[in-house]
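Spelled out from the first residue to the last, the chains are:
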Amino acid sequence: MKKSVISLVCWMAALGLAHKPVVLWHGMGDSCCDPESMGRVAGLIQEALPGTFVHSVQIGDDPDSDANAGFFGNINEQLEKVCNDLAEIPELQDGFNAIGFSQGGQFLRGYVQRCNQPAIHNLITFGSQHAGVSDIPGCADQPDFRCNLMRSIARRGVYTDYVRKHIIQAQYYKDPKNYDVYLNKNIFLPDINNEFLLHKNKTYKQNLLSLNKLVLIKFAEDETVRPAESAWFWFYNEEGDLIPLEDQPLYTKDWLGLKTLNEDNRIDFEVCPGAHMRISDEYLIMIVSKYLSSDLPLLMQQTPA
Ligand SMILES: *[C@@H]1O[C@H](CO)[C@@H](O)[C@H](O)[C@H]1NC(C)=O
């Protein structure tokens, strides 16, 4: 038995049935290429699943301008660039798994809905703002001049013409007390969440339904994202009560296919211990082996000749 498993693994490698490649999209204040951050994640993936190709999304020509692009720019344009970039990477052409960290999570969901060529198999998001944020995120512990600059500009008014088109965080800001203004002014989130009452994009739903798994991870002690439950698509109503996904029209009317996916057991709602983006090696490795490893148990049922 043991021998046949080993030869099966060799077979799989020879047939190209190794683990799917992985694409990472970092969060706010981070960059594509920090060895301590996305580099650490890539290292852990490659340790757990040797031979796995890992690509970290980069906007801008170098890590520094990539970090800038996490604060300043138009996410619709950035997403289009990422669609074009991923389409040109030969290793990804048969599809891939993806992990989005914080805002990178809703952006990767945007990739699935708008492009998805090549297609994402499992999409995992850590502490993302799928339902938006009711506050522009704070600037964490380390003083980050970009973050402080972003906040000072956003203070001019999240929905003013300049801010809404140039500050990334404004593009997923949602004022629960001014829902109509949000619908009219926000250039990204209402579209990607199919919230326009008269216009639902069927492609968005179709593409999201093509996922094998959508894994929504919330941080247990998240104090950066308001509300932290946005990671599970929960959000405040006008009275300030937190409304679970299942009680929102987004779900009950299945605007994005979330209801269908969930009833099909293809959404996993998970909780990661700790504060926003404080992911332990242990937790990350658990997620990697659960969702990024290829389907060995299924293949093992067939005995190689
Ligand atoms: C729906 O979204 C797709 C992908 O972004 C886009 O190509 C298409 O034009 C949109 N359809 C409508 C009716 O807006």
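Keep in mind it's a predicted model, so treat the numbers as computed, not measured. (Residues numbered from 1 in each chain as written. Predicted model: local features only at pLDDT ≥ 70, side-chain atom pairs only at ≥ 80, totals over all residues. Heavy atoms only, no water.)

Trainee: Quick question: what am I supposed to make of the environment of glycine 39 here?
Mentor: By the secondary structure assignment, glycine 39 is in helix 2 (residues 38-48). Here glycine 39 falls in the partly exposed class, since its relative accessible area comes to 34%. Between the C-alpha atoms of glycine 39 and serine 56, which are 17 residues apart in sequence, the distance is 8.7 Å. (Helix = DSSP H or I, 4+ residues; strand = E, 2+ residues; numbered from the N terminus. Buried < 20%, exposed > 50% of the residue type's maximum accessible area, 1.4 Å probe, protein only.)

Trainee: Would you mind showing me how to read the nonpolar core here?
Mentor: Soluble globular proteins tend to pack their nonpolar side chains together in the buried interior. Counting residues in hydrophobic clusters, the biggest one holds 57 residues, and the most contacted among them are Trp25, Leu86, Phe96, Ile120, Leu123 and Leu258. The dominant element in this core, judged by the number of residues it contributes, is helix 4 (residues 75-87), at 5 residues. With residues up to four places along the chain from it excluded, the contact list for phenylalanine 96 reads Lys20, Pro21, Val23, Leu86, Tyr111, Pro118, Ala119, Ile120, His121 and Asn122. Listed in part, the 24 residues of the second largest apolar core include Leu24, Ala42, Phe126 and Val288. (Core = buried A, V, L, I, M, F, W, Y, C linked by side-chain atoms within 4.5 Å. Contact = heavy atoms within 4.5 Å.)

Trainee: Please explain the site of the ligand as it appears in this structure.
Mentor: The environment of the ligand is made up of Arg114, His199, Asn201 and Tyr204. Interatomic distance of 3.2 Å between a side-chain N/O atom of histidine 199 and an oxygen atom of the ligand. Between the ligand and asparagine 201, the relevant distance is 2.2 Å, taken from an oxygen atom to a side-chain nitrogen or oxygen of the residue. Bound to the protein, the ligand loses 44% of the 360 Å² it would expose on its own. (Near = heavy atom within 4 Å. Polar contact = N/O pair within 3.5 Å; in protein donor to acceptor, adjacent residues only side chain to side chain. Areas by Shrake-Rupley, 256 points an atom, 1.4 Å probe, with all protein chains shown as cover.)

Trainee: What am I meant to see in the sheet that holds strand 3 (residues 96-101) here?
Mentor: Sheet strands associate in pairs through backbone hydrogen bonding, adopting either a parallel or an antiparallel arrangement. Pairing is parallel in the open sheet, where 6 strands are placed in the order 2-1-3-4-5-8. Edge positions in the open sheet fall to strand 2 (54-56) and strand 8 (267-272), since each of these has one partner strand only. Across the sheet, the mean angle from the axis of one strand to that of its neighbour is 15°, orientation sign disregarded. Where strand 3 and strand 4 (residues 120-126) come together, 5 bridges link them in parallel fashion. (Pairing = 2+ DSSP bridges. Axes fitted to C-alpha atoms, helices over the stretch in contact; angles between N-to-C directions.)

Trainee: I keep staring at helix 13 (residues 281-291) and nothing clicks. Help me out?
Mentor: A turn of α-helix holds 3.6 residues, and therefore any two residues three or four places apart point the same way. For helix 13, the complete set of buried residues consists of Tyr283, Leu284, Ile287, Val288 and Tyr291. Looking straight down helix 13, one finds that the buried residues subtend no more than 135° of arc, so they occupy a single side. Buried residues in helix 13 make contact with helix 2, strand 3, strand 4, strand 5 (213-219) and strand 8. (Arc of directions from axis to C-beta.)

Trainee: Even after reading the chapter, I still don't get empty space enclosed by the protein, so can you show me in this structure?
Mentor: Once rolled over the atoms, a probe with the size of a water molecule shows which space is left empty. On inspection of all chains with the given rule, the structure shows 1 cavity of 30 Å³ or more. By volume, the largest cavity is sized at about 60 Å³. Every element with two or more residues in the lining of the largest cavity is listed here: helix 3 (63-69) and helix 5 (103-114). Tallied by class, the residues present in the lining of the largest cavity amount to 5 nonpolar, 5 polar and 1 charged. (1 Å grid on protein atoms, 1.4 Å probe; cavity = no way out; pocket = protein on both sides within 12 Å on 5 of 7 lines; lining within 4 Å. Points joined across faces, edges and corners; volume = space filled by probe spheres on them. Nonpolar A, V, L, I, M, F, W, Y, C, P; charged D, E, K, R; others polar.)

Trainee: Can you help me understand the pattern of salt bridges in this one?
Mentor: Where side chains of opposite charge bring their charged atoms close, a pairing between them can arise. All chains considered together, the criterion is met by 12 salt bridges. Between aspartate 191 and arginine 114 there is a salt bridge, with its nearest N and O atoms 2.7 Å apart. With aspartate 191 in helix 9 (residues 189-192) and arginine 114 in helix 5, the pair connects residues that are 77 residues apart, well separated along the chain. Where aspartate 254 meets lysine 205, a salt bridge forms, and the shortest distance between an N and an O atom there is 3.9 Å. Within this pair, whereas aspartate 254 is found in the loop between helix 11 (249-252) and helix 12 (258-263), its partner lysine 205 is found in helix 10 (residues 202-209), the two being separated by 49 residues in sequence. Connected via shared salt-bridge partners are Asp161, Arg164 and Lys165. (Salt bridge = Lys/Arg side-chain N within 4 Å of Asp/Glu carboxyl O.)

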